[in-house]
Structure formats: structure tokens, C-alpha cells
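Structural description and commentary
The residues making up each chain are set out below.
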2 protein chains.
Amino acid sequence: MKNQVEPGPDRALASAHRVVIVGGGFAGLYAAKRLGKAPLALTLIDRRNFHLFQPLLYQVATGGLSPGEIASPLRVVLRGHRNTEVLLAEVVDFDIANRRVILADGERPYDDLVISTGATHFYFGHDEWEPLAPGLKTVEDATEIRRRILLAYEEAEREPDPARRHAWLTFVIVGGGPTGVELAGALGEIANDTLRHDFRHINPAESRILLIEGEDRVLPSFAPDLSHKAERQLIALGVRPRLSARVTAIDAGGVTVEAAGRTEHIATRTVLWAAGVRASSLGRKLAERAGAPLDRAGRVLVQPDLSVPGHPEIHVIGDLASVTQDGKVLPGVAPVAMQQGRYVADLLVRKLRGQAMRPFRYFDKGSLATIGRNRAVAQFGRLHVSGFPAWFLWVFVHLMYLVEFENRLLVFVEWVYNYITRNRGARLITNNQD
Amino acid sequence: MKNQVEPGPDRALASAHRVVIVGGGFAGLYAAKRLGKAPLALTLIDRRNFHLFQPLLYQVATGGLSPGEIASPLRVVLRGHRNTEVLLAEVVDFDIANRRVILADGERPYDDLVISTGATHFYFGHDEWEPLAPGLKTVEDATEIRRRILLAYEEAEREPDPARRHAWLTFVIVGGGPTGVELAGALGEIANDTLRHDFRHINPAESRILLIEGEDRVLPSFAPDLSHKAERQLIALGVRPRLSARVTAIDAGGVTVEAAGRTEHIATRTVLWAAGVRASSLGRKLAERAGAPLDRAGRVLVQPDLSVPGHPEIHVIGDLASVTQDGKVLPGVAPVAMQQGRYVADLLVRKLRGQAMRPFRYFDKGSLATIGRNRAVAQFGRLHVSGFPAWFLWVFVHLMYLVEFENRLLVFVEWVYNYITRNRGARLITNNQD
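An account of the accompanying structure is given in this report. Since this is a predicted model, take the numbers as computed values, not measurements. (Residues numbered from 1 in each chain as written. Chains lettered and ligands numbered in written order. Predicted model: local features only at pLDDT ≥ 70, side-chain atom pairs only at ≥ 80, totals over all residues. Heavy atoms only, no water.)

Things to note about the overall build of chain A
The condition is simple: Numbered from the N terminus, helices here are DSSP runs of H or I no shorter than four residues, and strands are runs of E no shorter than two. Each residue is placed in one exposure class: buried if its accessible area under a 1.4 Å probe, protein chains only, is under 20% of its type's maximum, exposed if it is over 50%, and partly exposed if it falls in between. Contacts are residue-level and defined by heavy atoms, with any inter-residue pair within 4.5 Å sufficient. Under the convention used here, a 1.4 Å probe and the Shrake-Rupley method define accessible areas, while residue burial counts only the protein chains that appear. The positive count covers Lys and Arg only, the negative count covers Asp and Glu only, and His and the chain ends enter neither. Taken as the charge location is NZ of Lys, CZ of Arg, CG of Asp or CD of Glu.
Secondary structure assignment for chain A yields eleven helices and 27 strands. Once the C-alpha set of chain A is aligned to its principal axes, its extents read approximately 70 × 60 × 45 Å. Burial statistics for chain A: of 434 residues in total, 57% are counted as buried. Looking at chain A alone, contacts between residues at least 24 apart form 62% of all its contacts between residues at least 6 apart. Accessible surface computed for chain A: about 17,900 Å², of which carbon and sulfur atoms make up 52%. Between the averaged position of the 53 positive side-chain charges in chain A and that of its 48 negative side-chain charges there is a distance of 5 Å.

See below:
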């Protein structure tokens, strides 16, 4: 109680250039981190009080990690930045003419605005599927998926009817991109390793895990040879990829899939959604208020410097931005978001000095996707790696990025522990309906 | 997918003596663990799929640990016991005549029944206080308390009105027993250490943390000299104990406290309840169905062998049992529950062999209560310890008990990390209303 009041942003900055960043994901947080010593007054606004390390969220959904282990409080990450203020609030609109962001309960003025509110699930016009097939974007999504997976085994253990038991032991993952592959692989490990000795009336290894993908191979963003290696690794874990297949209906009893002109109904009680994403609704607000052009997924078509056309004071970065480079739209992945965050930070500093900035260009360091223990694929230009070396690389890269926050040590220990024991420590069914 | 179906409880046991344990807390789980090799068919029934290490739950509520780090899946703990089945289900009633427990969705026969469903919060007839002043019993309670504490600071940071800001920065803990003291101490550390550099408009060290206790000292179950030492350690952390004080009203604006004939209204937005507990409602069912006598708190007054009078086939253990020893009712703490669990396990085995069992007797190894970093009190008969040695003992004892489950390594790492950095890694605001 003897401490002095922590001074706010330097007083000299009170009249300084005001930068507001909306969204503390990879794009927004990396911009904020880069601006920590810049001569401006920075405000980072987020609905949540923490940054989520999304690439590991599937491990929370499958009981390998706890939410606290992949989340870093934004205030902790930015606490050393004296020019920075973190604001827990929801941005609902923009007053472009007066340069203000409108909060659910107030407003904030800005001189430069950076919007990085990302993307959410998209059910291709079937919003009624959402409660039946949760997607994986938030901590609550992850604990809900974890609850459903673990409860399915509990229900199967108690179910005397073979057909119903079979439905409880059937898991359908819609979408064969990196998230779908990670979820399917983790489910395969849960069925074959983690739960092996846990039940008395069922054999978890008899689970049926189906991975439904519209293209003719999983991981379509990778080279075909890696897709095929990933498929073989999935099959070794007991996952059955259903390729060139399309989900046409989801209800409480199961999923209807269309493939090669044939329609099949799969009886299942657990459907996970890893297929479509749609840009955050703030993209539409930007279109209305600032005339920002949007692409079909609702992303803002930004200028080469990531600004909104006609509004050099507004930048959009991360999954909410649509950037075409060498004829292809950049994917919504963490490395793109981080590089865009750093780019905009540098641009804002140069702008203050009256200097110009080269257009944004994404430097692709390579792609990694993990499938399970010792199983992954990696693509670095023409160099393709799979199996243990790719998996080891994946672990190394993810730990290195976690280093930048505070959870590295703990995740590392949990991984080593899980690796040795083949256990998953965080298998909690919480927030039951009852 | 090549594994054989895991055999259920040994076939030879199908016609064996059926023991059902209801509740996987310390009492029920220690009984189950002890019976793992006994020649009987054991079923452990719990509503949750995990055992919760309750003595560390306050660390989840205050952001020091993640729920997964203090919870062990019951199936994992008991997976090696071939005679044991875990059932995720809710017991709602008993059919004593036909020796069946009635589940929310089924029933289970038993030859011997052990009930250990513990206790829940009790608001002294003011159930309307529950949403205003959450208690700390479940994982959801802990994450809700964590949410309220962290949100209070966020709201204070944004609140321009000094009086309202003061109310957000005021925390009232009702009840000065071990849980109240732990929560108050942790709040003191959060205010003075953890959040020290996190805000720009408030100084967390100006938080007001009030600990309200009806007796004239905190930790009334300890010797007076240790109570006074605990008070001094709390005050050093910025906690203000209000002794001989009684809460007469709680509403959204604050708490009304009566002390020495004077009534005071404390404006606060965060009230935590650590005062009363009431036995699980299954105690009343036992009274109705089996004529079990109850004490004022709803606990079952058991025989010297922990059985229900007139029903040698039903035993009640843990916080649901009321056992008087040397003129005092045994406290509802983990060591009592564990010893009762082991006792009943031994009794059941001896009974199968036609052997008698001595009455239960609790062996008091001593009491520990922690207040914060390097701060605790410990009482071993006439030996009283406080400060760092007591704290070190507390850490040692709790890690030793965790060893019996699976989380020791991780909690240890997290503690070392938090100790060195004075950080709390699990500061997540989750499950917001919005």
C-alpha cells in the first residue's frame, strides 16, 4: 500500500499522436509490441484480457494443455511499454469523420487506426449448424469441444445399445486444413493411446474418426506429396479421410455427406467444424463508414501499404485483411499476421517522421502442419519434410514463438511429460449444462 | 484400431460383492484407491470426471494455477484397478430396501454403499446472497471468482468517478477460516505484486481488502498465538481483518457489516464467500430413506465405524459425516476425509473375511494454513511455526499429496516460476456474460 501511483502514459505524450489498435491477436499485438518505444500514445483495445496463442488451441480442445498455458494477459505482455494503454472493451462501430472508435460503452479518439479483429467461423449460410458443430476460435470453443469429446466416451461407456454406442464413438471433423488435420490426429491419439485403459465396457480404439474435406486431398495449401504423406499419417492414427466430399446437412443425429454423387448419412453425436471462416463483422462496418471494399469472405481489400483505400489513417491487418501477392491471396495464418503487424508499426513511425514506406510484402518462411506425436509435414519452398523431422521442427518453432510471451517453460514441461507418458493432463469436463 | 477390447471388471467378480462409492473427493477416492486389489466389484460414481485437489483451488481463483493442473481424471487415477469401474452419473436418491442407488438416468445395485458427497456453500438462510458472493467449491466457482477479481481491476481502470472506482477496488472476503485467509492473502499479493505495473490510471496497491470474521481472531481452529501471527502476516500484505464482525446484508452495491453494535456499509463490487458450508443434499435423502440422524449442518451422525445407525451396509465419510472425537466434531478437511476413506476400505475388506474392525480414530498430524509467499502458520500439537518455515512445510506437504496423482511436476514448475517472477500465469477472464 506504500507504492506510488504508477504513472500513466508519459505526460509529454498526452498531446502526442494517438494510435489505436483494435484486436490483440498476432497482427495487433505484434504491431503494439513494435511500437513500444515509439513517440506516440498507443491504445490497444480488445474484448478479452489475454492474447491467445491460437496455433496451440487444438491442444486445449483435446485435453493436452490448459487454457492458461496458451494465453498471455495483454497487460503483462505490454506492461513495460510506458506509451501504451490496454483497454478491455468492445469496438462496435467507427466515427470516421471525427476519427473515433465507438465502444459498446464509450468512445476513443485516434489519429491513426489499426484494425485487426480477425475472423470467425463461417457455416456457408447454415448458421443453424453452429450449435451442432462447434468451431475452434476461442478458449470457450476449446473447452466446449473438449467437453463434447470426453462426454461422448462417457456416454458410450454407459450405452447398452450397439448402434447408439457406435454413434457416440463416431467423430466427424469437417474441413481438412491444418486445424481439421490437427483435431483429427489428436482424436486418433486420444482413441488409441490416451484413453486406452480408461473404460470397462468400450474400447476407445474402436472409435471412428472421419475427416471430411471438399478438395481431393487434405492440407490443400501444401504440395500434393505432403498432402498424401499427411493422409498416410492420419490413417496410421485411425483417422479416415473422406476427400472430395461435401457436408449437406447436420442435425442432432448425424451428418449427411455427398461425395461422387452419392449421399451418405453418418450417425454421430460429435461434429467439429474446421471448414469456413468469415471476416470479423467490423469489416462490414468499415465498408459502410469508410467505403472499404470487401472480398467475398468479408475481408477488407487493402492498399499495398495495408491501408483502406482513401483512408491513409486506417490500416487493416491480419485475417481481416485481404492481400494479394504474386496472384494469390495471402492465407490467414499467424506468420502473415505478425509480419503485417510489424510492417504497420514501422509505417506509422516513418509516417510521423514524414518518410514513405515500401509496400507490404510477405516473406514466406515455410509452412508446417502437425498431425500427432512424431507426425507432421513441413514445406520450405522446394524442400519437403515429413514424419519425425517435421514434427520436431514444428515443436521447436512453436516453442520459439511462445518464448516471446511467458508460457514457454510450462508448455515445454507439459509436452515432455505428455510425450513420455502419452498422457493428456487437462481432461476436464467443465461447464456442464446441468 | 487393432487393440483388443479392454476386459471389464474380472468375470470372476461379476457375481462378487458389489461396493458402490458415491463421490470422488478425498474420502471417496482414497477409499477407492485402497480397494483396488480387493476381491470385490467396485463402482465409483461421480458427477464430474475428475478429482479436484481442493486445497489448491484458491490458487485457480486467484490466477496462479490452471484448473487442469489441480484436477485428475478419475479414470486415470483408477485405471490400473481391474476390479473398479468409474461411472459419470448423478446420484439423486436411494432405494435402501432393494439396495440400489438411484441415478438421474438409471440405477445401480450395491451390497455395500459408501457415501462421500461432501459439502456445499451455506449462506445462513440467505440463499439470495449466492449470486452476489460466490463461494469456492468447484472449478467453475474458481474461474468465476477469478473473472470477478480481474474484471474489477479492469472496470476500476476505466472508471473516472473516484467513489465508484474505490468500490471496484474494494474486495470483501466473508469468513476468516483457512479458505478466507488464503483468498485474502492471494488478493493482497495480486494488488501489491502481480498487477503492480499493469495499469495506467489506477494503482492496484490502493486496493482495500477486507476479511470479515465472526470470531475475535482469524483461523479460529488454530491456537490463538498462530491466529495473531496470521493476522500480522495478512496486514503486511495489505489485508484488513475485521474481527467479531457479522455480515447482515449483501446487495449489488456492497456489504453491510455489524460489529460491536455498530453497523457499517462497505461499498464494494466484489464479495467472496468463505463462511458457511452445508452438507450435501444426499444427507437429507439418507435421513428420509434410512432414518439417518443429522446434525445442524445436515451432516450424518455416524456410528463409531462410520456406518449409518441400523444400516451396517451404508457408510458415510468425508465432509458429509459428523464424527465426534474427544468431545469435538472433526473438521471438514482433507486429512480427515483421506483417513476415513482408508478406514472404510479396510473395514469392507475385513467384513468380507468375517473380521471385525476397531472404531475409526482420526490421527491429527497437524494443521497448516498458508497466507502468501513465505507466509503461513503451522500447528503440530504444542509446536507452533509461522512465516517461511511454515510456508515451506505447506508447499512440501501439498506437493507430496499431489504426487499421489499426476500433476506434481507441473504445479511444481509453475510455483517455482511464479515464485521467481512474482507472476501469475493463469489470469484469464473467461465465460464473460456477453
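What follows picks up the thread again.
Some remarks on helix α8 (residues 282–290) of chain A
All names here are of chain A. Keep this limit in mind: Starting at the helix axis, one direction is taken to each C-beta atom, and the arc is that of these directions.
Within the sequence span of α8, burial applies to L282, G283, L286 and A290. Each buried residue of α8 lies within a common arc of 110° when the element is viewed along its axis, so the set occupies one face. Here the buried face of α8 lies against β1 (18–22), β6 (91–95), β9 (112–115), β19 (300–301), β20 (307–308) and β21 (311–316). Just downstream of α8, G291 is the residue with a positive phi angle, here 65°.

A look at the pairing of strand β7 (residues 100–103) of chain B
Residue and element names in this part refer to chain B. Let me state the cut-off plainly: Paired strands, in this sense, are two strands between which DSSP finds at least two bridges.
Here β7 shows one buried face, formed by V101 and L103, and one open face, formed by R100 and I102. Across four bridges, strand β6 (residues 91–95) lies against β7 in antiparallel orientation. In the strand pairing of β7, D93 is matched with I102. Between β6 and β7, which pair antiparallel and follow one another directly, the connecting turn spans four residues, one of which, R99, has a positive phi of 50°. In the sheet, β7 pairs with strand β8 (residues 106–109) via four bridges, with the strands oriented antiparallel. Bridging across to β8, L103 finds its partner in G106. In this antiparallel pair of consecutive strands, β7 and β8, the connection spans two residues.

Quick look at the pairing of β9(A)
All names here are of chain A. Of the two faces of β9, the one lined by D112 and V114 and the one lined by L113 and I115 are each fully buried. When β1 meets β9, the two strands line up parallel, connected through four bridges. Across the sheet, V20 pairs through a bridge with L113, a residue of β9. Sheet topology note: the β9/β21 ladder contains three bridges and is parallel. Looking at β21, one finds that V114 is bridged to H315.

Topic: the sheet that holds β6(B)
All names here are of chain B. The test is simple: Helix axes are fitted to C-alpha atoms over the stretch in contact, other axes to C-alpha atoms as well, and angles between N-to-C directions run from 0 to 180 degrees.
Read from one edge to the other, the open sheet built from three strands follows the order β6-β7-β8, with strand pairing classed as antiparallel. The sheet is open, and its two borders are formed by β6 and β8, each paired with just one other strand. Each adjacent strand pair in this sheet contributes to an overall mean axis angle of 25°, direction not counted.

Quick look at helix α4 (residues 139–158) of chain B
Just so we agree on the cut-off: What a helix is expected to span follows from its residue count: subtract one and scale by 1.5 Å.
The end-to-end C-alpha distance of α4(B), which contains 20 residues, comes to 29 Å, matching closely the 28 Å that a straight helix rising 1.5 Å per residue would cover. With 16 of its 20 residues buried, α4(B) lies for the most part within the structure.

Comments concerning the sheet that holds strand β20 (residues 307–308) of chain B
Sheet strands line up and pair through hydrogen bonds in the backbone, either parallel or antiparallel. Residue and element names in this part refer to chain B. Taken in spatial order, the six strands line up as β5-β2-β1-β9-β21-β20 in an open sheet, and their pairing is mixed. Looking at which strands have only one partner, the edges of the open sheet turn out to be β5 (84–88) and β20. Pairing between strand β2 (residues 41–46) and β5: five bridges, direction parallel. For T43, the partnering residue across the bridge sits in β5 and is E85. The sheet contacts of helix α8 (residues 282–290) involve β1 (18–22), β9 (112–115), β20 and β21 (311–316), and relative to β21 the element is tilted by about 170°.

Concerning the environment of W391(A)
Tracing the backbone shows W391(A) in helix α10 (residues 388–403). Owing to a relative accessible area of 14%, W391(A) belongs among the buried residues under this scheme.

Let's talk about a nonpolar patch on the surface
Quick note on the threshold: Surface patches are drawn from residues lacking salt bridges whose relative accessible area is over 30%; two like charges belong together within 9 Å, two nonpolar side chains (Val, Leu, Ile, Met, Phe, Trp, Tyr) within 5 Å. For this analysis, a salt bridge means a side-chain nitrogen from Lys or Arg found within 4 Å of a carboxyl oxygen belonging to Asp or Glu.
A cluster of nonpolar residues, F388(B), F392(B), F396(B), M400(B) and Y419(B), forms a patch on the protein surface that exposes about 500 Å² of accessible area. Ranked by the residues each element gives to the nonpolar patch, the list is headed by helix α10 (residues 388–403) of chain B, at four residues.

Considering the packing of aromatic side chains
Cut-off, in case you're wondering: Think of it this way: a Phe, Tyr or Trp ring, Trp meaning its six-membered ring, pairs with another when their centres are within 6.5 Å, and the plane angle makes it stacked under 30 degrees, edge-to-face over 60, tilted otherwise. Whether a charge sits over a ring comes down to the Lys NZ or Arg CZ being within 6 Å of the ring centre and within 35 degrees of the ring normal.
Under the criterion given, the structure shown has 24 aromatic pairs over all chains. Through a chain of ring-to-ring contacts, the aromatic side chains of F122(A), Y123(A), F124(A), W129(A) and W273(A) assemble into a single cluster. For the cation-ring pair, R269(A) lies above W168(A), with the distance from its terminal atom to the ring centre recorded as 4.2 Å. Of note, K33(B) hangs over the ring of Y30(B), and the distance from its end group to the ring centre comes to 5.6 Å.

Quick notes on the environment of T117(B)
Residues and elements named next belong to chain B. Cut-off, in case you're wondering: Contacts described as polar in this section are N or O atom pairs within 3.5 Å, which, within protein, must combine one atom able to donate a hydrogen with one able to accept it, while residues neighboring in sequence count only if both atoms come from side chains.
One can find T117 in the loop between β9 and β10 (119–122). By relative accessible area, T117 is classed as partly exposed at 26%. With 148 residues separating them along the chain, T117 and H265 place their C-alpha atoms 37 Å apart. Ignoring sequence-local partners within four residues, the contact set of T117 consists of V22, S280, L282 and L320. In terms of polar contacts, T117 uses its side chain to reach the side chain of S280, at 2.8 Å.

Let's talk about the side chain of Q379(A)
Residues and elements named next belong to chain A. Its place among the elements puts Q379 in strand β26 (residues 375–380). Relative accessible area serves as the criterion here: at 18%, Q379 is assigned to the buried category. A polar contact is formed between the side chain of Q379 and the backbone nitrogen of A223, at a distance of 2.8 Å. Q379 has contacts with F222, A223, L226, G366, S367 and H384, leaving out every residue within four places of it along the chain.

Quick look at the packing of helix α1 (residues 26–34) of chain A against helix α9 (residues 334–352) of chain A
Residues and elements named next belong to chain A. The condition that has to hold: Put simply, a crossing is left-handed when the front helix is turned counterclockwise from the back one by less than a right angle, and right-handed when it is turned clockwise.
Contact geometry of α1 with α9 gives a least axis separation of 7 Å together with a crossing angle of 35°. When the axes of α1 and α9 are compared, the crossing they make is right-handed. Contacts between α1 and α9 involve F26, A27, Y30, A31 and R34 from the former and A334, A337, M338, G341, R342, A345 and D346 from the latter.

Examining unusual backbone geometry
Positive phi, close to 50°, is recorded for D326(A), a residue that is not glycine. Along the chain, the position of D326(A) falls in the loop between β23 (324–325) and β24 (328–329). A relative accessible area of 62% places D326(A) in the exposed class. A positive phi angle, near 70°, is found at L306(B), a position not held by glycine. Along the chain, L306(B) falls in the loop between β19 (300–301) and β20. Residue L306(B) is classed as buried on the basis of its relative accessible area, which comes to 0%.

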